[in-house]
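Listed here are the chains, written in short residue letters.
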Amino acid sequence: MERIDHLEHLDKHLVDELAQVARETIRDELREQTRKQRRKATLYAASGAVALYAGAAVALAIGLALDVGLPGWAAALITAAILGVAAYLLRGAAQPHTPRPRSHGRVIGGTPPAGPPGGTGTAYPPMPPTAPGAGVPEPGEAPRLDDIDPENPHHRG
């Protein structure tokens, strides 16, 4: 019995040591990945700042070019309008364009959801043009006598 207790102690020690090595390895790997990502983020931020200054210089150049033939306030107003249109177009280009699903059937209160919440498959079963067994004749056929309801009022047009 003493031998089994001794082996149990060794197993526990081995598991603890393996867990410690795994933690240190994962920590070092994550540290290396975050260092690379931090450098990349810094370069993107610097690029954005330089692009902002370049855009300001272009806006100033446009304003000064317009100022040659126009009053200063008109040149500034035109430059601001050009920048506003450019910002609007860039915002529109940044938004994802996803086509809307087209629904042939009608749903009360709006459009049907793309699918059931948390499941796969279609949200609603396909709807036939008429109710099953409604007795509506096919296009081009005359109604049968069984399909005519004597209780319904008939209007002649």
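Residues numbered from 1 in each chain as written. Predicted model: local features only at pLDDT ≥ 70, side-chain atom pairs only at ≥ 80, totals over all residues. Heavy atoms only, no water.

(A) Geometry of the overall build of the chain. The helix and strand inventory of the chain stands at two helices and zero strands. Here the chain holds 157 residues, and 3% of them are scored as buried. Split by element, the accessible area of the chain, about 14900 Å² in all, is 63% carbon and sulfur. (Helix = DSSP H or I, 4+ residues; strand = E, 2+ residues; numbered from the N terminus. Buried < 20%, exposed > 50% of the residue type's maximum accessible area, 1.4 Å probe, protein only. Areas by Shrake-Rupley, 256 points an atom, 1.4 Å probe, with all protein chains shown as cover.)

(B) The arrangement of the pattern of salt bridges in detail. Per the counting criterion, the structure on display carries three salt bridges. R31 is paired through a salt bridge with D28; the nearest N and O atoms lie 3.4 Å apart. Taken together, the positions of R31 and D28, both in helix α1 (residues 2-67) and three residues apart, correspond to about one turn of that helix. One salt bridge connects R35 with E32, and the closest N-O pair in it is separated by 2.9 Å. With R35 and E32 both in helix α1 and three residues apart, the pair spans about one turn of that helix. (Salt bridge = Lys/Arg side-chain N within 4 Å of Asp/Glu carboxyl O.)

(C) Quick peek at a nonpolar patch on the surface. On the surface, V58, I62, L70, I78 and I82 cluster together into a nonpolar patch covering about 370 Å² of accessible area. Where the nonpolar patch is concerned, the elements lending two or more residues are α1 and α2 (72-94). Tracing the chain through its elements places I62 in helix α1. With a relative accessible area of 30%, I62 lands in the partly exposed category. (Patch = residues over 30% accessible without salt bridge, like charges linked within 9 Å, V, L, I, M, F, W, Y side chains within 5 Å.)

(D) Quick peek at the side chain of T79. If you trace the backbone, T79 turns up in helix α2. For T79, a relative accessible area of 7% translates into the label buried. With near-sequence residues (within four places) excluded, T79 lies in contact with A59, I62, G63 and L66. (Contact = heavy atoms within 4.5 Å.)

(E) α2, seen in detail. Spanning 23 residues, α2 covers 33 Å between terminal C-alpha atoms, matching the ideal 33 Å at 1.5 Å per step. Those residues of α2 that sit buried are A74, A75 and T79. (Expected span 1.5 Å × (residues − 1).)

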